[in-house]
Amino acid sequence: MSDNTTSSTELRSQYINQVASDLERNTQEQERITAEITALQEQLTTLQHDHTVLVNMQDALGVPAKAKAAESADGGKATVPAPRKRSSAAASGAGKSTKKSSGARTAAKGAETKGAAPKGAAAKVAAVKGAAKKGAAAKGSTAKNAAQPTLVELIRRHLVEQGEPRSAAEVTAALSKVHPDRNIKATVVRTTLEGLVARNLAHRTKQGTSVFYTTPDATQQQESGAAPEPEGQPEASAQ
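What this report covers is the structure whose coordinates are included nearby. Sequence positions are assigned chain by chain, starting from 1 and proceeding in written order. Per-residue local features are limited, in this predicted model, to residues with pLDDT of at least 70; the limit for side-chain atom pairs, both in listing and counting, is 80 or more; totals at the level of whole chains, interfaces and linings are taken over all residues. As a rule here, side-chain values cover all heavy atoms of the structure and leave hydrogens and water aside.

One side chain can pair with another of opposite charge once the charged atoms of both are near each other. Within this document, salt bridges are pairs made up of a side-chain nitrogen of Lys or Arg and a carboxyl oxygen of Asp or Glu, the two lying within 4 Å of each other. Applying the stated rule across the entire model yields seven salt bridges. Of the charged contacts in the structure, one is a salt bridge between arginine 25 and aspartate 22, with a shortest N-O distance of 2.9 Å. One end of the pair, arginine 25, and the other, aspartate 22, are both in helix 1 (residues 2–61), three residues apart, so they sit about a helical turn from each other. Glutamate 170 serves as the salt-bridge partner of arginine 166, at 3.7 Å between the closest nitrogen and oxygen. Assessed through its relative accessible area of 17%, arginine 166 is described here as buried. One connected set of salt bridges, linked through shared partners, spans Glu29, Arg32 and Glu36. Strands are runs of DSSP state E lasting at least 2 residues, helices are runs of H or I lasting at least 4, and numbering of each runs from the N terminus. Between buried and exposed lies partly exposed: a residue is buried under 20% and exposed over 50% of the maximum accessible area for its type, with that area taken using a 1.4 Å probe on protein chains only.

Pasting the structure below:
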């Protein structure tokens with residue numbers, strides 16, 4: 001009976017440990033996927049903003065105004081019926097007056113066109129300049145965002161500078177203090193650290209219930225620094 005009770009207790013303990021390990025792994029995987037979704041959403045927002053700016057610049061630089069103006073001019077012409085036949089003198093007088101009136105109308109239209117042309121050109125130039133300024137501002141903001149280091153780079157740089165094990169909470173507090181403009185969350189930092197561990201870019205150690213992270217170089221230095229200690233003991237005993 002005692003053997004059966006002992007074996008069942010050990011089996012239950014194994015199940016409990018296995019379930020706890022699987023639960024922890026599942027939680028870490030969820031946090032990693034959430035961080036990736038957040039990063040992809042930020043990239044999508046930036047691309048949508050750039051797309052809007054480029055469409056506005058394209059409209060400002062390539063508006064097909066000539067075709068629309070030609071269609072409106074053709075649609076505005078009215079069909080004039082042919083005049084009735086008159087005597088030769090009346091017809092010649094009417095012809096002269098018609099020519100004079102048509103000439104005056106043509107001259108007036110030419111003057112209006114000449115006056116409107118500079119205005120239209122000035123409006124197009126102003127529109128192109130405004131679009132160019134918007135495009136330059138958008139490119140400047142995009143370049144500024146691209147120049148900022150990513151969260152992965154910040155975390156790796158922090159671990160290298162510290163040279164000693166750091167917890168996810170300590171890394172989050174340090175980065176938030178240095179970069180207050182960035183909304184750095186502890187869950188995202190922990191997921192990023194686990195991703196670095198999975199890629200062998202960081203090492204994870206446990207001290208009790210706490211988890212600490214270091215760079216591979218720092219871990220090697222600590223191991224090499226701790227190795228010569230056994231060699232000093234024989235010398236002390238020999239003295």
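With that settled, consider the environment of arginine 156. Along the chain, arginine 156 falls in helix 4 (residues 151–162). Spatially, the C-alpha atoms of arginine 156 and threonine 192 are 9.8 Å apart, while their sequence positions differ by 36 residues. Excluding anything up to four places from it in sequence, arginine 156 contacts Leu196, Leu201 and Thr215. Contact definition: two residues touch when any of their heavy atoms are within 4.5 Å.

Tracing the backbone shows lysine 206 in strand 1 (residues 203–207). For lysine 206, a relative accessible area of 56% puts it in the exposed group. Each C-alpha atom, one on lysine 206 and one on proline 165, is 9.9 Å from the other, the two residues being 41 residues apart in sequence. Setting aside its immediate chain neighbours within four residues, lysine 206 contacts Glu24 and Val211.

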